[in-house]
Amino acid sequence: MPAYLAGQALSVPEDERNAAVRRALLVFAAGGDLHREPTLDDPAVLELARDLETPERRSALQEALSMLEGGDRLAIDPELAWRAYACALLAEAIGED
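Let us look at the structure shown here. Note that the structure is predicted; figures quoted are calculated from it, not measured. (Residues numbered from 1 in each chain as written. Predicted model: local features only at pLDDT ≥ 70, side-chain atom pairs only at ≥ 80, totals over all residues. Heavy atoms only, no water.)

### Describing the side chain of Arg-57
- Its location among the elements puts Arg-57 in helix α4 (residues 55–67).
- Relative accessible area serves as the criterion here: at 9%, Arg-57 is assigned to the buried category.
- Residues in contact with Arg-57, not counting those within four places in the same chain, are Leu-10, Ser-11, Val-12, Pro-13, Glu-16, Leu-52 and Trp-82. (Helix = DSSP H or I, 4+ residues; strand = E, 2+ residues; numbered from the N terminus. Buried < 20%, exposed > 50% of the residue type's maximum accessible area, 1.4 Å probe, protein only. Contact = heavy atoms within 4.5 Å.)

### Some points on the pattern of salt bridges
- Throughout the structure, instances matching the rule amount to eight salt bridges.
- With a closest N to O distance of 2.8 Å, Asp-41 and Arg-83 form a salt bridge. Taken together, the residues span a long stretch of sequence, with Asp-41 in the loop between α2 (14–30) and α3 (43–52) and Arg-83 in helix α6 (residues 78–96) at a distance of 42 residues.
- Taking the shortest distance from any N to any O, the salt bridge between Arg-58 and Glu-53 comes out at 2.6 Å.
- Among the residues examined, Glu-53 registers a relative accessible area of 36% and is labelled partly exposed.
- Among the charged side chains, a salt-bridge network with shared partners connects Asp-41, Glu-53, Arg-58, Glu-79 and Arg-83. (Salt bridge = Lys/Arg side-chain N within 4 Å of Asp/Glu carboxyl O.)

### Points about the packing of α2 against α3
- Two elements in contact, α2 and α3, have axes whose closest approach is 8 Å; the angle formed by their N-to-C orientations is 160°. Viewed along their axes, α2 and α3 adopt a mutual orientation that is roughly antiparallel. With respect to the hand of their crossing, α2 and α3 are arranged in right-handed fashion. Contacts between α2 and α3 involve Glu-16, Arg-17, Ala-20, Val-21, Arg-23, Ala-24, Val-27 and Phe-28 from the former and Pro-43, Ala-44, Glu-47, Leu-48, Asp-51 and Leu-52 from the latter.
- Broken down by class, the residue content of the contact of α2 with α3 amounts to nine nonpolar, no polar and five charged. (Axes fitted to C-alpha atoms, helices over the stretch in contact; angles between N-to-C directions. Parallel < 35°, antiparallel > 145°, perpendicular 65-115°, else oblique. Left-handed = near helix turned anticlockwise from the far one by under 90°. Nonpolar A, V, L, I, M, F, W, Y, C, P; charged D, E, K, R; others polar.)

### Describing the environment of Ala-64
- Counting through the fold element by element, Ala-64 comes out in helix α4.
- Ala-64 sits 46 residues away from Asn-18 along the chain, and the two C-alpha atoms are 22 Å apart.
- When residues no more than four places from it in sequence are discounted, the contact partners of Ala-64 are Ala-6 and Ala-9.

Below, the structure written as structure tokens:
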């Protein structure tokens, strides 16, 4: 949850985010049961993380995490934090369907 909350501070254009999430949903659907929860190592999560990644966004996520209570653990591992953010975005999209 901290990565999702911190991710709200990121500047990702809505059309770019939506397109990346749609592509990740296709990868997720190809992976099996749509009612499963995405994991940090899920191919769809990794795809979404790659699609949205920029050095500036990763830095902004780290900065936002450092300000959140409970975000310290994720702030220590930038890769884990970035995948957690992507996983939260995908989980949100799955929950909307």
